[in-house]
Number of protein chains: 2
Amino acid sequence: MARTVDPAKYAAKRQHILDCAAVLFAQQGYERTTTSQLCARAGISPGNLYHYFAGKKQVFLAVLTQDEHDTHALLDRLTQEAAPLEALISFVLHLARPATADPIVPKLVLEAMLQAHRDPEVGAELARVDDDEMRGLRVLLSRAVQAGEADPALDADDAAAWISALVSAVYLQTALAPDFDAAQQLANLTRTVRAFLREA
Amino acid sequence: MARTVDPAKYAAKRQHILDCAAVLFAQQGYERTTTSQLCARAGISPGNLYHYFAGKKQVFLAVLTQDEHDTHALLDRLTQEAAPLEALISFVLHLARPATADPIVPKLVLEAMLQAHRDPEVGAELARVDDDEMRGLRVLLSRAVQAGEADPALDADDAAAWISALVSAVYLQTALAPDFDAAQQLANLTRTVRAFLREA
DNA sequence: GTCTATATCTGGATAGAC
DNA sequence: GTCTATCCAGATATAGAC
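Nothing here was measured: the structure is a model prediction, and the numbers come from that model.

With that out of the way, let us pick up the overall build of chain A. Assigned secondary structure in chain A consists of ten helices and zero strands. Taken from the N to the C terminus, the helices and strands of chain A come in the order α-α-α-α-α-α-α-α-α-α. Partitioning the intrachain contacts of chain A with sequence separation of at least 6 by distance along the chain shows that 70% fall at a separation of at least 24.

Let's shift gears to empty space enclosed by the protein. Following the criterion strictly, the structure yields four cavities of 30 Å³ or more and no others. By volume, the largest cavity amounts to about 70 Å³. Across the lining of the largest cavity, the residue classes break down as three nonpolar, two polar and six charged. Quantified by volume, the second largest cavity comes out at close to 40 Å³. Leu110, Met113, Leu114 and Leu172 of chain A together with Leu110, Met113, Leu114, Leu172 and Leu176 of chain B are the residues that line the second largest cavity.

Right, let's get into the interface of chain B and chain A. Between chain B and chain A, the residue contacts involve 42 residues of the former and 42 residues of the latter. Each partner contributes to the roughly 3500 Å² buried at the junction of chain B and chain A, and carbon and sulfur atoms together form 58% of this total. As a salt-bridge pair, arginine 191 of chain B and aspartate 151 of chain A come within 3.3 Å of each other at their nearest N and O atoms. Summed over the shared surface of chain B and chain A, the result is 20 residue pairs in polar contact (both at pLDDT 80 or more). Those elements that place two or more of their residues in the side of chain B that touches chain A are helix H1 (7-28), helix H7 (104-116), helix H9 (156-176) and helix H10 (182-197) of chain B. Residue contributions to the side of chain B that touches chain A peak at twelve residues, all from H9 of chain B.

What follows deals with the packing of helix H1 (residues 7-28) of chain A against helix H2 (residues 35-42) of chain A. Residues and elements named next belong to chain A. Where H1 contacts H2, the axes come no closer than 9 Å and their chain directions differ by 130°. Between H1 and H2, the interaxial angle falls into the category oblique. Relative to H2, H1 is oriented so that their crossing is right-handed. For the pair formed by H1 and H2, the contact residues are His16, Ile17, Cys20, Ala21, Val23, Leu24 and Gln28 on the first element and Gln37, Leu38, Arg41 and Ala42 on the second. Among the residues making up the contact of H1 with H2, the classes are represented as seven nonpolar, three polar and one charged.

Here we take up the nonpolar core. Membership of the largest hydrophobic core comes to 72 residues, with the highest contact counts inside it found for Leu197 of chain A together with Leu197 of chain B. Membership of the second largest hydrophobic core comes to 64 residues, among which are Met113 and Leu172 of chain A together with Leu38 and Val63 of chain B.

This part is about the relation of the copies chain B and chain A. In the superposition of chain B on chain A (RMSD 0.1 Å, axial shift 0.1 Å), the rotation amounts to 180°. One copy is carried onto the other by what is essentially a two-fold rotation axis. When the interface residues of chain B are mapped onto chain A, 100% of them again fall at the interface, so both copies present the same face.

Below, the discussion takes up the packing of aromatic side chains. Here the structure, examined in full by the defined rule, presents eight aromatic pairs over all chains. Ring geometry for tyrosine 30 of chain B versus phenylalanine 60 of chain B: centroids 4.9 Å apart, planes at 45°, classification tilted. Here tyrosine 30 of chain B, found in the loop between H1 and helix H2 (35-42), pairs with phenylalanine 60 of chain B, found in helix H4 (residues 56-66); they are 30 residues apart in sequence, far enough to count as distant. Each of the two residues, tyrosine 30 of chain B as well as phenylalanine 60 of chain B, counts as buried. Aromatic ring contacts, followed pair by pair, group Phe25, Tyr30 and Phe60 of chain A into a single cluster. Directly above the aromatic system of tyrosine 30 of chain B lies the positively charged group of lysine 56 of chain B, at a separation of 4.6 Å from the ring centroid.

Once that is clear, we can look at the domain arrangement of chain A. Often the size quoted for an interface is simply the accessible area lost on bringing the parts together. Residue and element names in this part refer to chain A. The assigned domain composition of chain A is domain 1 (7-64) and domain 2 (69-197). On a C-alpha basis, the centroid separation for the pair domain 1 and domain 2 is 29 Å. Between domain 1 and domain 2, the contact holds twelve residues from the first and ten residues from the second. Buried surface at the junction of domain 1 and domain 2, both sides included, amounts to about 1000 Å², of which 72% is carbon and sulfur. Applying the counting rule to domain 1 against domain 2 returns two salt bridges. Ionic pairing is found between lysine 57 and glutamate 121, a salt bridge with its closest N-O pair at 3.1 Å. Linking domain 1 with domain 2 are four residue pairs in polar contact (both at pLDDT 80 or more), by the criterion used here. At the level of elements, H1 and helix H4 (56-66) are the ones that each hand at least two residues to the side of domain 1 that touches domain 2. In terms of residues, the side of domain 1 that touches domain 2 owes the most to one element, H4, which gives five residues. When the residues that make up the side of domain 1 that touches domain 2 are grouped by side-chain class, the tally is nine nonpolar, one polar and two charged.

So, on to H9 of chain B. Structural remark: α-helix, 3.6 residues per turn; residues separated by three or four positions point the same way. The end-to-end C-alpha distance of H9 of chain B, which contains 21 residues, comes to 30 Å, matching closely the 30 Å that a straight helix rising 1.5 Å per residue would cover. Within H9 of chain B, 18 of the 21 residues are buried, which leaves the element mostly enclosed by the surrounding structure.

What follows deals with the UniProt feature "domain: HTH tetR-type" (unreviewed entry) in chain A. Per the UniProt record, "domain: HTH tetR-type" (unreviewed entry) is annotated on residues 11-71 of chain A. As annotated, residues 11-71 of chain A has a helix share of 69% and a strand share of 0%, and its two end C-alpha atoms lie 25 Å apart.

Residue and element names in this part refer to chain B. Contact geometry of H7 with H9 gives a least axis separation of 8 Å together with a crossing angle of 115°. Judged on the interaxial angle alone, H9 and H7 are roughly perpendicular. The chirality of how H7 crosses H9 is left-handed. Listed contacts from H9 to Val105, Pro106, Lys107, Val109, Leu110 and Met113 of H7 are Ser168, Tyr171, Leu172, Thr174 and Ala175. Of the residues that constitute the contact of H7 with H9, the class distribution is eight nonpolar, two polar and one charged.

What counts and what doesn't
Residues numbered from 1 in each chain as written. Chains lettered and ligands numbered in written order. Predicted model: local features only at pLDDT ≥ 70, side-chain atom pairs only at ≥ 80, totals over all residues. Heavy atoms only, no water. Helix = DSSP H or I, 4+ residues; strand = E, 2+ residues; numbered from the N terminus. Contact = heavy atoms within 4.5 Å. 1 Å grid on protein atoms, 1.4 Å probe; cavity = no way out; pocket = protein on both sides within 12 Å on 5 of 7 lines; lining within 4 Å. Points joined across faces, edges and corners; volume = space filled by probe spheres on them. Nonpolar A, V, L, I, M, F, W, Y, C, P; charged D, E, K, R; others polar. Buried area = accessible area lost by both parts, 1.4 Å probe. Salt bridge = Lys/Arg side-chain N within 4 Å of Asp/Glu carboxyl O. Polar contact = N/O pair within 3.5 Å; in protein donor to acceptor, adjacent residues only side chain to side chain. Axes fitted to C-alpha atoms, helices over the stretch in contact; angles between N-to-C directions. Parallel < 35°, antiparallel > 145°, perpendicular 65-115°, else oblique. Left-handed = near helix turned anticlockwise from the far one by under 90°. Core = buried A, V, L, I, M, F, W, Y, C linked by side-chain atoms within 4.5 Å. Buried < 20%, exposed > 50% of the residue type's maximum accessible area, 1.4 Å probe, protein only. Least-squares fit on C-alpha atoms with pLDDT ≥ 70 in both. Phe/Tyr/Trp six-rings, centres within 6.5 Å; stacked < 30°, edge-to-face > 60°. Lys NZ or Arg CZ within 6 Å of the ring centre and 35° of its normal. Domains from an automatic or database assignment. Expected span 1.5 Å × (residues − 1). UniProt positions renumbered as here; feature names shortened; annotations may be inferred.

Here it is in structure tokens:
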């Protein structure tokens, strides 16, 4: 019984630090958030932070990777649905909903996007997630085209990229204009996607 | 004839500094661009920078405010056109086009957006520009509705905000995926706006 | 494991000669 | 007006006691 540490406590504290960091990074951005601020908010000493993370950047990366919504499981379900267009809409909503759920999420995502093309490590992390999204969009989109529910003149890659951009627009707008109505945002998004896919 | 300085030379050098700063801020962001880097690139000494700007932040603000495309003149023309919907589309293109013209523009705009909700001074500056855009969109949109060219069920404020978000999406996508085709982007945007405004 | 104290470095801005 | 040299603040990360 000579266990020195309680792994559960360790994990809990680590998580606590991540939660605090997420708020600060979202509010202030990565660069102007200092480790002192983080430690103060988490209620730990500056030195103690380094027992949980190798440095500030590792904290940031950990924040970004912590909640990977399992798109894979959902995607498997959706690709077998009878109504491809509705499946696509469901997927789009799944991608956009986190933006409206917690106000710090869109800010964090934007921060990550900007850091991504400045820091290769962050970029690699984001690219992985984005790839999954794009692949899912392409698959569902081509199914919708085959079923005659979307304009066959659309280029699959291009249309998927654009729909992804539309989702990003929701994140952007939610982050920058927090007073804007979340439900209305999602309604606009679905209306837009549907209209975009319809034949011209 | 005892003029000590040539005002034209002064202005030219100031502009040169701004050009250099714009590139650095776009590539690296505001925070991680140092005054030393800026001076090195501009070919001036650290001290000399402060003869042209009061500080780093003032350089950033000057970069943001330097080219205010005169939306007002265009707007006056467009509000008198016979075809309101086409006028609206023209306006949207006018707003989006800078994103595709110079690759540093969209990055700079995004950087400004993020800084805006962290620094009130930047925020005030951006809000002024955004206000003009939104006002223009609302006016043109309501004219289109009156002419029966847009869905009358749309809420003017909400729809204008959403169209503005769509424009932002072009900036976002251009900044983050520079390999993406500019013309295609604008085509997607107009198609999307048109489709969004059509009756459901 | 957690603290306090501090080393080390870097950045923005200034002083003062030329 | 422009330079060189430097100050001072603040940030990350480490050392070492408890």
